[in-house]
Each structure stands twice: as C-alpha cells, then as structure tokens.
Amino acid sequence: MRIGLFGGTFNPIHLGHLKTIGEVRDAFSLDQVVLIPAAIPPHKPARDMAGTEDRMAMVRLAAAGRQGLAACDVEIQREGVSYSIDTVDHFQRTQAPETELFFIVGVDAFLEIDTWKAHDKLLERLPFIVMTRPDAGRLDLDGQHEALGVFLHDRLSGGYRYDPARKAFVHNRKQPLYVLEVTPVDISSTRIRDRIRKGRPISDLVPGSVHDYIHQRGLYQ
Ligand code: ATP
C-alpha cells in the first residue's frame, strides 16, 4: 500500500484541494490519500475558523464516494495544537510495516516548514510530495521551483541537491522531496470565506455536498 497523508486546515475543504490531490494520487500511484484536518493549526489565526466538528464533517462529505480518498480525525481527537510529526508518528506506528507513507503539502505551506515542530526529524521520516500552487508567494512555476531550492539549501540543509531524473531534491540523510507541477487551480479557503461574507456564490469552488453543508449550517457568514 502507498498512502499519502494530506493535512490542512480545510476551512473549508475545496476543489483546489481535491483536484490537485487527484493528480498527486495518479502521478505517484497512491492507493489512498488521507485528508487530516488540524484541530488547532499552529500557523493559522483563529479568526474565521469553523469548529473542528464542522471542518471534519465537510472533509468527510468531500471524501465520501471519491475513489482513493479517506478522511481521518486523528488530529481532531488528539486536541490541542496539531503537529505533523505526531500525526506521522501515529501512522508509522499503526500501519503495516510494508506500507509506504508520503507527506503531501502545497509549496506555500512547505516554505514555512522551518517553523514546524521537529521538522528535521519529519524530513528524515518519510518522503515529501510538494505540489505547486498558482501564485504561491506571487511566484510563477519556475520561481516556485527556484524558491524551494534556495529555501532548502539556506534554511534546512546545504546537503540537498536537485535530481532531475527523479524530479526530487535528494539528501544523503533525509528522504527525497518530490516536486509535482499540478494543473493550477486558483482556489483558496480564504477566497471562499470572503465570497460567502459578500453573499457571492461558491458553487464552482467546493463539492456540492460541502456547499449544502456550509449553507445549512450558516458557516462563514
Ligand atoms: P487558507 O486560504 O485559509 O489559508 P488554503 O486554501 O491554503 O487555506 P489549507 O487547508 O490551509 O487551505 O491547505 C492545506 C494544504 O493544501 C496546504 O498544503 C496548501 O498548500 C494546499 N493547497 C490548498 N489549496 C491549494 C491549491 N489550490 N493548489 C495547490 N495546493 C493547495
């Protein structure tokens, strides 16, 4: 089994998450991608944050009936601040030893990884798949790639080098960090919350079931 772990605030989950994750799944022949909403995300302000139950419910609705997608509430059950290292610990303890785990993250989130708890250990534990994201840090695709290289070298370790054959940054003591150029989907949760506040439609931005849930619960008004 090859499993991708995909954490996020999912406030709310949207088609940007789902379309890009589908491409990652295909490109890396993953059997499953597990969506893991953070309880209290360390890097996001609490303002505008829907409750953990609502974010989890929306992730469950989005995963339902989608092949190769699962929702996991391990961070929500743990409570307190959600750290990826604890989640990876959990999966490495509970999965069969032959399971291959990958950590999936957008480039904007990855470029802050030097602020994550035990990030050095995390990068030794499992391979990362970093997805490009339109306009991340106002950079085009080449710029995102270059920013990653500079960031890895300057902020994480001088030992990283890019291997074009593997399309990955490699390191002799850390797991590879694959970079995947995904079809750009210019959607963010921030934009969705903003549109709801302004009374604009969001039906093209989230799955139908999530759209209905947001309206039934009156979220982000
Ligand atoms: P917000 O706008 O509230 O900051 P967000 O849209 O970035 O939220 P998150 O739940 O914080 O959503 O994202 C979880 C992960 O998904 C992050 O690694 C992020 O980089 C990635 N991601 C989110 N949207 C996209 C997208 N459109 N394309 C590629 N990656 C994305």
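A quick note: this is a predicted structure, and the numbers were derived from the prediction, not measured. Within each chain, residue numbers correspond to sequence positions counted from 1 in written order. Where local features are concerned, this predicted model is filtered to residues with pLDDT of at least 70; where side-chain atom pairs are given and counted, the filter is 80 or more; whole-chain, interface and lining totals use all residues. To get the side-chain values, take all heavy atoms of the structure and skip hydrogens and water.

## Observations concerning the overall build of the protein
Right, on to step 1. Looking only at helices and strands, the protein features nine helices and eight strands.
Right, on to step 2. Seen through its C-alpha atoms, the protein measures out along the principal axes to roughly 50 × 40 × 30 Å.
Right, on to step 3. Accessible area is worked out with a 1.4 Å probe on protein chains only. A residue is then buried under 20% of its type maximum, exposed over 50%, and partly exposed in between. Here the protein holds 221 residues, and the buried ones make up 49% of them.
Right, on to step 4. Any two residues having at least one pair of non-hydrogen atoms within 4.5 Å are treated as being in contact. Put simply, of all contacts in the protein between residues at least 6 apart along the chain, 71% involve residues at least 24 apart.
Right, on to step 5. Accessible surface for the protein amounts to roughly 11,000 Å². Of this, 46% is attributable to carbon and sulfur atoms.
Right, on to step 6. We treat Lys and Arg as the positive residues and Asp and Glu as the negative residues; His and chain ends play no part in the count. By convention, the point assigned to a charge is CZ for Arg, NZ for Lys, CD for Glu and CG for Asp. Here the protein contributes 28 positively and 29 negatively charged side chains, and the mean placements of these two sets differ by 3 Å. Working definition: helices are DSSP H or I runs of at least four residues, strands are E runs of at least two. Numbering for both runs from the N terminus. Throughout, the Shrake-Rupley method with a 1.4 Å probe supplies accessible areas, and for residues the shown protein chains are the sole cover considered.

## Here's the deal with the environment of A64
Right, on to step 1. Take A64: it is sitting in the loop between helix 2 (52–63) and strand 3 (69–71).
Right, on to step 2. On the basis of relative accessible area, A64 is assigned to the exposed category, the value being 53%.
Right, on to step 3. Along the sequence, A64 and S209 sit 145 residues apart, while their C-alpha atoms lie 9.5 Å from each other.

## As for the pairing of strand 1 (residues 2–8)
Right, on to step 1. Examined bridge by bridge, strand 1 and strand 4 (residues 100–106) share five bridges and lie parallel to one another. Its bridge partner lying in strand 4, G4 is registered against F102.
Right, on to step 2. Note on handedness: a clockwise path from strand one over the helix to strand two, with the strands aimed away from the viewer, defines a right-handed crossover. The parallel pair strand 1 and strand 2 (residues 32–37), bridged by helix 1 (residues 15–27), forms a crossover whose chirality is right-handed. For two strands to count as paired, DSSP must find a minimum of two bridges between them.

## A short note on the nonpolar core
Right, on to step 1. Residues F6, I13, V24, L35, M58, I104 and I214 are the most contacted members of the largest nonpolar core, which totals 38 residues.
Right, on to step 2. Excluding residues that lie within four positions of it along the chain, I104 makes contacts with G4, L5, F6, G7, I21, V24, L30, V33, I129 and M131.
Right, on to step 3. Joining through side-chain atoms within 4.5 Å is the link that ties buried Ala, Val, Leu, Ile, Met, Phe, Trp, Tyr and Cys residues into a set, and such a set is a nonpolar core. Grouped together as the second largest cluster of nonpolar side chains are 29 residues, F91, L101, F151 and L177 included.

## Section: unusual backbone geometry
Right, on to step 1. Look at the link from N11 to P12: it is a cis peptide, with omega at 5°.
Right, on to step 2. Notably, A118 is not glycine yet its phi reads approximately 50°, a positive angle.
Right, on to step 3. For A118, a relative accessible area of 32% translates into the label partly exposed.

## A look at the packing of helix 2 against helix 9 (residues 208–217)
Right, on to step 1. Running from N to C, helix 2 and helix 9 point in directions that differ by 155°, and their axes come no closer than 9 Å. When the axis of helix 2 is compared with that of helix 9, the two are roughly antiparallel. At the point where helix 2 passes helix 9, the crossing takes the right-handed sense. Contact residues: E53, D54, A57, M58, L61 and A62 in helix 2; S209, V210, Y213, I214 and R217 in helix 9. Axis lines are fitted to C-alpha atoms, over the contacting stretch for helices. Their N-to-C directions set the angle, which ranges from 0 to 180 degrees. Roughly parallel covers angles under 35 degrees, roughly antiparallel covers those over 145, roughly perpendicular covers 65 to 115, and oblique covers all other angles. Definitions for this section: a left-handed crossing has its near helix turned counterclockwise from the far helix by less than a right angle. A right-handed crossing has that turn clockwise.

## Thoughts on the sheet that holds strand 6 (residues 161–163)
Right, on to step 1. Spatial ordering of the open sheet is given by 3-2-1-4-5-8-7-6, a layout of eight strands whose pairing is mixed. Because the sheet does not close on itself, it has two edges, and the strands there are strand 3 and strand 6. Adjacent strand axes in the sheet meet at a mean angle of 30°, parallel and antiparallel pairs treated alike.
Right, on to step 2. Note that strand 1 and strand 2 share six bridges and pair parallel. Of the residues in strand 2, the one forming a bridge with L5 is V34.
Right, on to step 3. The sheet contacts of helix 4 (residues 84–94) involve strand 1, strand 2 and strand 4, and relative to strand 4 the element is tilted by about 155°.

## Description of the pairing of strand 8 (residues 177–180)
Right, on to step 1. Burial along strand 8 is two-sided: the face carrying L177 and V179 and the face carrying Y178 and L180 are both buried.
Right, on to step 2. With two bridges connecting them, strand 7 (residues 168–170) and strand 8 associate as antiparallel partners. Its bridge partner being in strand 8, A168 is matched across the sheet by Y178.
Right, on to step 3. Two successive antiparallel strands, strand 7 and strand 8, enclose a turn made up of six residues.

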